[in-house]
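What the coordinates show
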Amino acid sequence: MEFKLNDFAGAKEVRERVFMQEQGFKNEFDEIDSDRRCIHICAYENDSLVGCSRIFPSEMEPNTDTIKGKWVFGRLAVLPEYRKGGRGSEILAESERAAENAGATEIHLHAQCSAMSFYERSGYAAYGPVEFDEHVEHRWMSKKL
């Protein structure tokens, strides 16, 4: 799998298909997407778009602590035709590397509760209450790098 950093066009395509069309989210895009500090990561196989994620320093996230080295990961999505092959784990690992290269010492994410076991397998631990993001339950998770 090949990765492209700062590929918002690819990320937008994946996020529209997965989060908006498939999962029914309405408010998928925000001001973080256009901030130069946000890193959009897209995965490709044989020049075909597979999935995406984004990472950014915590000071960009509303209602989050600003701590040096704290980064936020999110918007991990894999197109349906590429699921169940470990690609989500590869995108997560590449995102962690990119965040660490940018100075991250820890990563936080707001996981859909149905995906928490996926993140736990990669070393993330849950904290805080269950919260709704639109119509889907989420919970914060974190990992030291």
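What counts, and where the lines are drawn
- Residues numbered from 1 in each chain as written.
- Predicted model: local features only at pLDDT ≥ 70, side-chain atom pairs only at ≥ 80, totals over all residues.
- Heavy atoms only, no water.
- Helix = DSSP H or I, 4+ residues; strand = E, 2+ residues; numbered from the N terminus.
- Rg over C-alpha atoms; globule rule 2.2 N^0.38 Å.
- Buried < 20%, exposed > 50% of the residue type's maximum accessible area, 1.4 Å probe, protein only.
- Contact = heavy atoms within 4.5 Å.
- Areas by Shrake-Rupley, 256 points an atom, 1.4 Å probe, with all protein chains shown as cover.
- Lys, Arg positive; Asp, Glu negative; His and termini not counted.
- Charge placed at Lys NZ, Arg CZ, Asp CG, Glu CD.
- Pairing = 2+ DSSP bridges.
- Axes fitted to C-alpha atoms, helices over the stretch in contact; angles between N-to-C directions.
- Right-handed = clockwise from strand over helix to strand, strands pointing away.
- Core = buried A, V, L, I, M, F, W, Y, C linked by side-chain atoms within 4.5 Å.
- Expected span 1.5 Å × (residues − 1).
- Bend = angle between axes of the 7 residues up to and from the residue.

On to the overall build of the protein, then. When helices and strands are tallied, the protein shows three helices and seven strands. Counting from the amino terminus, the protein carries its helices and strands in the arrangement β-α-β-β-β-α-β-α-β-β. Over its C-alpha trace the protein gives a radius of gyration of 14 Å, about what one expects of a compact globule, namely 15 Å for 145 residues. Once the C-alpha set of the protein is aligned to its principal axes, its extents read approximately 40 × 35 × 30 Å. Within the protein, the fraction of its 145 residues that count as buried is 47%. Contacts spanning at least 24 positions in sequence make up 61% of the contacts within the protein whose residues lie at least 6 apart. Here the protein displays about 7700 Å² of accessible surface, and carbon together with sulfur accounts for 46% of that area. In the protein, 19 side chains carry a positive charge and 26 a negative one; their mean positions are 2 Å apart.

This part covers the sheet that holds strand β3 (residues 48-57). Spatial ordering of the open sheet is given by β1-β2-β3-β4-β5-β7-β6, a layout of seven strands whose pairing is mixed. Here the strands that pair on one side only, and so sit at the sheet edges, are β1 (2-5) and β6 (125-133). Between one strand axis and the next, the sheet turns by 25 degrees as a mean value, whatever way the strands run. Note: β3 against strand β4 (residues 70-78), six bridges, orientation antiparallel. Considered in β4, the bridge of Cys-52 is made with Ala-77. Of the strands in this sheet, β2 (39-45), β3, β4 and β5 (106-112) are in contact with helix α1 (residues 8-22), which crosses β3 at around 100 degrees. In this fold helix α2 (residues 87-101) packs onto β1, β2, β3, β4, β5 and β7 (136-144), with an angle of close to 155 degrees to the strand it touches most, β4.

The subject of this paragraph is the pairing of β4. Where burial is concerned, most of β4 is hidden: eight out of the nine residues are buried. Where β4 meets β5, four bridges bridge the pair, whose relative direction is parallel. Looking across to β5, one finds that Lys-70 is bridged to Glu-106. Regarding topology, α2 serves as the crossover connection from β4 to the parallel β5, and that connection is right-handed.

Bringing the nonpolar core into the picture now. A general tendency of soluble globular proteins is for nonpolar side chains to be buried together. Core analysis: the biggest nonpolar cluster contains 35 residues, and Val-14, Ile-55, Phe-73, Leu-109, Tyr-119, Tyr-124 and Met-141 have the highest contact counts within it. Elements with a minimum of two residues in this core: α1, β2, β3, β4, α2, β5, α3 (116-120) and β7. If we ignore the near neighbours within four places in the chain, the residues touching Ile-55 are Arg-37, Cys-38, Ile-39, Ile-41, Trp-71, Val-72, Phe-73, Ser-95, Ala-98 and Ala-99.

With that out of the way, let us pick up unusual backbone geometry. For Asn-6, which is not glycine, the phi dihedral falls at a positive 60 degrees. Turning to its location among the elements, Asn-6 is positioned in the loop between β1 and α1. Phi is positive for Asp-47, close to 65 degrees, though the residue is something other than glycine. Checked against the element boundaries, Asp-47 lands in the loop between β2 and β3.

Moving on: α1. Across its 15 residues, α1 extends 19 Å between first and last C-alpha, which sits within 8% of the 21 Å expected from 1.5 Å per residue. Approximately 30 degrees is the largest bend angle found in α1, and it occurs at Arg-15. Three or more residues of α1 are buried, namely Gly-10, Ala-11, Val-14, Arg-15, Val-18 and Phe-19. Of the residues trailing α1, Gly-24 is marked for its positive phi of about 80 degrees.

Function-wise, these values are silent; they only describe arrangement.
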